[in-house]
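# Observations on the model geometry
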Amino acid sequence: MLPAMPNSLWPLLAVAAVSLAAVMMIRPGTGIGADGPEILPGILRLPNKEHLLTPSMPGEMSVQVAVDGGTDTTDWHRIVLGSDDRHPFTHAFLRGTGEHLVHTGRVVLFDPAVKPGAAPATPLPIHAESVWSVARLAGDRPALPGLSATGSLRIVLRPALPPEGHPAADLLPSGPAPVTATVSFAFTGQPGGTWPQWYAAVGRATGKALLDRLALGASATRTRPVEWGSVIPEPPVAEEIRWRSAFVGEFVRGYIGGIDVPTMIHRDGATSPAVDRLAKLLGNTVTGRGAWRRAGNDALRWERDHGDGHITLTAQVVEGGWTLVFWQERPRPGERFLAWVDAAKAGDPAASASVAAHIRCARLPADLRRSAAAALGLPAP
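Cut-off values and rules
Residues numbered from 1 in each chain as written. Predicted model: local features only at pLDDT ≥ 70, side-chain atom pairs only at ≥ 80, totals over all residues. Heavy atoms only, no water. Axes fitted to C-alpha atoms, helices over the stretch in contact; angles between N-to-C directions. Helix = DSSP H or I, 4+ residues; strand = E, 2+ residues; numbered from the N terminus. Parallel < 35°, antiparallel > 145°, perpendicular 65-115°, else oblique. Contact = heavy atoms within 4.5 Å. Nonpolar A, V, L, I, M, F, W, Y, C, P; charged D, E, K, R; others polar. Pairing = 2+ DSSP bridges. Salt bridge = Lys/Arg side-chain N within 4 Å of Asp/Glu carboxyl O. Buried < 20%, exposed > 50% of the residue type's maximum accessible area, 1.4 Å probe, protein only. Phe/Tyr/Trp six-rings, centres within 6.5 Å; stacked < 30°, edge-to-face > 60°. Lys NZ or Arg CZ within 6 Å of the ring centre and 35° of its normal. Core = buried A, V, L, I, M, F, W, Y, C linked by side-chain atoms within 4.5 Å. Expected span 1.5 Å × (residues − 1). Arc of directions from axis to C-beta. Polar contact = N/O pair within 3.5 Å; in protein donor to acceptor, adjacent residues only side chain to side chain.

## A closer look at the packing of helix α5 (residues 333–345) against helix α7 (residues 366–376)
- The geometry of α5 relative to α7 is characterised by a closest axis approach of 10 Å and an angle of 10 degrees between their N-to-C directions. With respect to α7, the element α5 is oriented roughly parallel. Contact with α5, carried on its side by G334, F337, L338, V341, A344 and K345, involves L368, R369, A372, A375 and L376 of α7 and no other residues of that element.
- Here the contact of α5 with α7 is composed, by residue class, of eight nonpolar, one polar and two charged.

Written as C-alpha cells, this is what we have:
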C-alpha cells in the first residue's frame, strides 16, 4: 500500500507529468519562433529604440548574390516586399530586408502570401515605385537553431507599373526593366540561441547582401507627390484576387494585381478559367450607376462610373494566372501636358521635368509630343 500523500501534492505532480510529456513530444525544429518571423500586411514600422529589435545570432555566415538585369533602382523610395510562399526563409528575408530599407529612410509595405481561406484584404492606397516578389528556391531550417543550414531565394524586382503596352501604362513614364536576383546563404549559428535570433541573422545578412549588390544603401530621392484631391477608388476584392501595389501618375492612377492560379476546380471536379470568378464577382454588383459592365465585345475588360471619374478593369493571361489592372484616368491629359510645356518655356523647372518624364507617353498625341520636344530641346519621342 502506498503511503498517504497530502491532497495538495497531487495537482503539482499532475502538472509535472504533463510538462514532462510535453517536452518529450517536442520535435526537433519546433519551438517558439521556429516558423520564422510573422509578416503582417501593411507598412513596416520599427521600434524607436534599437535594443527592442531581436538581436542577430552570432555565427559563421556566407552569402552569394547573382543578379540578372540592370540595377537602376536608386530612386525607389516606396517598396512593396511581397512573397510567393510562406516559408520561414522567405519571411526572414522580408523582415531583414525591410529593416535595412526603413533605416535608409524608405517606406516598406509588406504583402505576404495569405493563408488559404483567409478573408480578402483591401489594398492600401499608397503609391509604390517597386514591387518585389520573394520565393524560396532550396534549403530548410536546421533541427536546432545552433546548427548549420543552407538555402537560396529568388527575388524578382519590378517597377510598380502596369505591363508594357497596357492602356494605363501608355499614360505613365516608363520604369526600369525587371530584375531577377538569386540569393544563396550558408549559416552556422551558436548553440544556445533562439529561433528568432537565428532568423534575424539570416534575414539581415541576405537582405543586406542584395541591397549592397543593387546599390540601395543610400536613401532614395523623394519624388513630388501627385495630387488628385481624393484617394484611389477601391478595387473589387475576393479571395482569389491579390492586389500587389498602387500607382499614381499625373494622368492615371490605380492598382496592379492578379489571380495567381490559371484555373479553378469546382466541387463537382469541373474546371474553369480563374478569371470567371472575377466576371461573376463584377456581375453581382448592383445595377444602375456605378455597376460594372462589359466594354464592348472585350470579354476581359470591364468599366464602371465613379464619383471621381470613369474606372476600367482589365484581365490579361500570363504564365500561371492572370494580371489585373484597375485604373482611373484624368480627363483631357493633352491639355495638362500643353500647360506644362507653356510653363517650361517660361522657366519652370518642375514643369520641364514633367514634360521630359511624359514625352514618350503613347496615349498623348504624337504631334503634341514632337512639338514639345522641339520647343524644349528634348530628344524626339
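Let us keep going from here.
## Considerations on the sheet that holds strand β6 (residues 148–159)
- Pairing in this open sheet of seven strands is mixed, and the strands run β1-β4-β3-β5-β6-β7-β2 from one edge to the other. Each end of this open sheet is capped by a strand with a single partner; those strands are β1 (42–43) and β2 (59–68).
- Here helix α3 (residues 195–213) sits on the sheet in contact with β2, β5 (130–139), β6 and β7 (179–189), set at roughly 35 degrees to β2.

## A word on the pattern of salt bridges
- Summed over all chains, the structure comprises 13 salt bridges.
- K208 is the partner of D212 in a salt bridge, and the nearest nitrogen-oxygen pair spans 2.8 Å. Of the two residues, D212 and K208 both sit in helix α3, four residues apart, roughly one turn of that helix.
- Looking at K208, the relative accessible area reads 42%, which means it is partly exposed.
- Notably, a salt bridge pairs D260 with R244, separated by 2.9 Å at the nearest N-O pair. Of this pair, D260 sits in the loop between β9 (252–259) and β10 (263–265) while R244 sits in strand β8 (residues 241–248), placing them 16 residues apart in sequence.
- Judged by relative accessible area, D260 falls into the partly exposed class, the value being 42%.
- Via salt bridges that share partners, R95, E99 and R204 belong to a single interconnected network.

## Focus: the packing of aromatic side chains
- Applying the stated rule across the entire model yields 13 aromatic pairs.
- Among the aromatic residues, those joined into a ring-pair cluster are F89, F185, F187, W195, W198 and Y199.
- The ring of W228 is capped by R330, whose NZ or CZ atom sits 4.2 Å from the centre of that ring.

## Some remarks on the nonpolar core
- Grouped together as the largest cluster of nonpolar side chains are 36 residues, with contacts concentrated most on L81, W132, I155, W198 and L210.
- Of all the secondary-structure elements, those providing two or more residues to this core are β3 (78–83), α2 (88–103), β4 (107–111), β5, β6, β7 and α3.
- The element contributing the most residues to this core is α3, with seven residues.
- The next biggest cluster of nonpolar side chains, apart from the first, holds 22 residues, and it includes I232, I241, A274 and F326.

## Observations regarding α2
- Between its first and last C-alpha atoms α2 spans 23 Å; for 16 residues at 1.5 Å apiece the expected length is 22 Å, and the two agree.
- Across the 16 residues of α2, 12 count as buried, placing the element largely inside the fold.
- Burial in α2 covers these residues: P88, F89, T90, H91, A92, F93, L94, G96, T97, G98, E99 and L101.
- Contacts made by the buried residues of α2 are with β3, β4, β5, β6, β7 and α3.
- Backbone geometry just after α2 places G105 at a positive phi near 95 degrees.

## Digging into the environment of A343
- Within the secondary structure layout, A343 lies in helix α5.
- Each C-alpha atom of the pair A343 and V355 lies 9.9 Å from the other, and the pair is 12 residues apart in sequence.
- Discounting residues that sit within four places of it in the chain, A343 has contacts with D348 and A351.

## Quick look at unusual backbone geometry
- The backbone phi angle of A215 is positive, close to 55 degrees, even though this residue is not glycine.
- Looking at the element boundaries, A215 is found in the loop between α3 and β8.
- The phi dihedral of R332 is positive, around 55 degrees, even though this residue is not glycine.
- Of note, R332 is situated in the loop between β15 (321–329) and α5.

## So, the pairing of β7
- Side-chain alternation along β7 places V179, A181, V183, F185, F187 and G189 on a buried face and T180, T182, S184, A186 and T188 on a face that remains uncovered.
- Note: β2 against β7, 10 bridges, orientation antiparallel. Across the sheet, V63 pairs through a bridge with F185, a residue of β7.
- Two elements, β6 and β7, share 10 bridges in a ladder whose sense is antiparallel. Residue pairing in the sheet places I155 in a bridge with A181 of β7.

## Let's talk about helix α6 (residues 349–358)
- Taken residue by residue, α6 has A351, S354, V355 and H358 as its buried positions. When α6 is viewed along its axis, its buried side chains cluster within an angular range of 100 degrees and face the same direction.
- Each element contacted by the buried residues of α6 is listed here: α5 and α7.
- Its side-chain oxygen 3.0 Å from the backbone nitrogen of A350, D348 forms the N-cap of α6.

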